[in-house]
Amino acid sequence: MTRDDILTALIAADPLGALKAHDQHELHTRMARAQASFHNLKKDNRVPVKDKTGKQIYSFMFVPLEDYLNMARAGYAAEGLCFTQHVDGAPQGREQTITLTTAVSFGTAQVTSSMNCIVGGSLQDYGSAITYLRRYTLQALTATCGTSED
């Protein structure tokens, strides 16, 4: 029995299962090619952190979300993949748990990265948390990170 004979038998026995297996293999193959085009991005934005009096106590560097989005869009689109980012949870009082899931898809196959956090405070705090979760779940699916100069 040849490889083609085996594949034909599998498709005949479980067409949906065969399609899902094919799509999963194809998704991973395409993700690997896309990841070859990705690179670690330089942390070049500085954010000062101030105390309640307005005095700066420290600062940190980060890579803007749009830099990760631009890289992912180009690399995944070149391989016929799409990615989405979905938020569950909404502000409902002082604190709310939100979950953000980033998914890369091809056909019936999907790979996801999810993170959650508890957010309290203003809508701006909620928006900041979503941006943070979007950035880090996308980093997980592109296998990249932000780098800074020593």
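Presented here is a report on the structure given in the accompanying data block. (Residues numbered from 1 in each chain as written. Predicted model: local features only at pLDDT ≥ 70, side-chain atom pairs only at ≥ 80, totals over all residues. Heavy atoms only, no water.)

1. Some remarks on the sheet that holds strand β6 (residues 109-120)
At step 1: Pairing is antiparallel across the open sheet formed by three strands, whose spatial order is β4-β5-β6. Looking at the sheet topology across the chains shown, the edges are occupied by β4 (82-88) and β6. Pairwise comparison of adjacent strand axes, ignoring direction, gives a mean angle of 15 degrees for this sheet.
At step 2: Pairing between strand β5 (residues 95-106) and β6: twelve bridges, direction antiparallel. Within β6, the residue paired with Thr97 across the bridge is Ile118. (Pairing = 2+ DSSP bridges. Helix = DSSP H or I, 4+ residues; strand = E, 2+ residues; numbered from the N terminus. Axes fitted to C-alpha atoms, helices over the stretch in contact; angles between N-to-C directions.)

2. Quick look at helix α3 (residues 65-78)
Note on helix geometry: an α-helix contains 3.6 residues per turn, so any two residues three or four positions apart are oriented the same way.
At step 1: The end-to-end C-alpha distance of α3, which contains 14 residues, comes to 20 Å, matching closely the 20 Å that a straight helix rising 1.5 Å per residue would cover.
At step 2: Leu65, Tyr68, Leu69, Met71, Ala72, Gly75 and Tyr76 are the residues of α3 that are buried. (Expected span 1.5 Å × (residues − 1). Buried < 20%, exposed > 50% of the residue type's maximum accessible area, 1.4 Å probe, protein only.)

3. Focus on the packing of α3 against helix α4 (residues 123-142)
At step 1: Contact geometry for α3 and α4: axes closest at 10 Å, N-to-C directions at 35 degrees. Here the hand of the crossing between α3 and α4 comes out left-handed. Across the interface between the two elements, Leu65, Tyr68, Leu69, Met71, Ala72 and Tyr76 of α3 pack against Thr131, Arg134, Arg135, Leu138, Gln139, Leu141 and Thr142 of α4.
At step 2: For the contact of α3 with α4, the residue count by class is eight nonpolar, three polar and two charged. (Left-handed = near helix turned anticlockwise from the far one by under 90°. Contact = heavy atoms within 4.5 Å. Nonpolar A, V, L, I, M, F, W, Y, C, P; charged D, E, K, R; others polar.)

4. Focus on the pattern of salt bridges
Where charged atoms from two side chains of opposite charge come close, those side chains can pair.
At step 1: This structure, assessed with the given rule, holds two salt bridges.
At step 2: Arg30 is the salt-bridge partner of Glu26, the closest N and O atoms lying 2.8 Å from each other. Of this pair, Glu26 and Arg30 both sit in helix α2 (residues 15-37), four residues apart, which is roughly one turn of the helix.
At step 3: According to the relative accessible area criterion, Glu26 is buried, its value standing at 18%.
At step 4: For Glu79, the salt bridge identified is with Arg33, shortest N-O distance 2.7 Å. (Salt bridge = Lys/Arg side-chain N within 4 Å of Asp/Glu carboxyl O.)

5. A look at the nonpolar core
At step 1: Formed by 19 residues in total, the largest nonpolar core has its most connected members in Leu27, Tyr76, Leu81, Phe83 and Val104.
At step 2: At the level of secondary structure, the elements contributing two or more residues to this core comprise α2, α3, β5 and α4.
At step 3: Ranked by the residues each element gives to this core, the list is headed by α3, at six residues.
At step 4: Residues in contact with Leu81, not counting those within four places in the same chain, are Leu27, Arg30, Met31, Tyr76, Val104, Ser105 and Phe106.
At step 5: By size, the runner-up hydrophobic cluster in this structure holds seven residues, among which are Leu100, Tyr126, Ala129 and Leu133. (Core = buried A, V, L, I, M, F, W, Y, C linked by side-chain atoms within 4.5 Å.)

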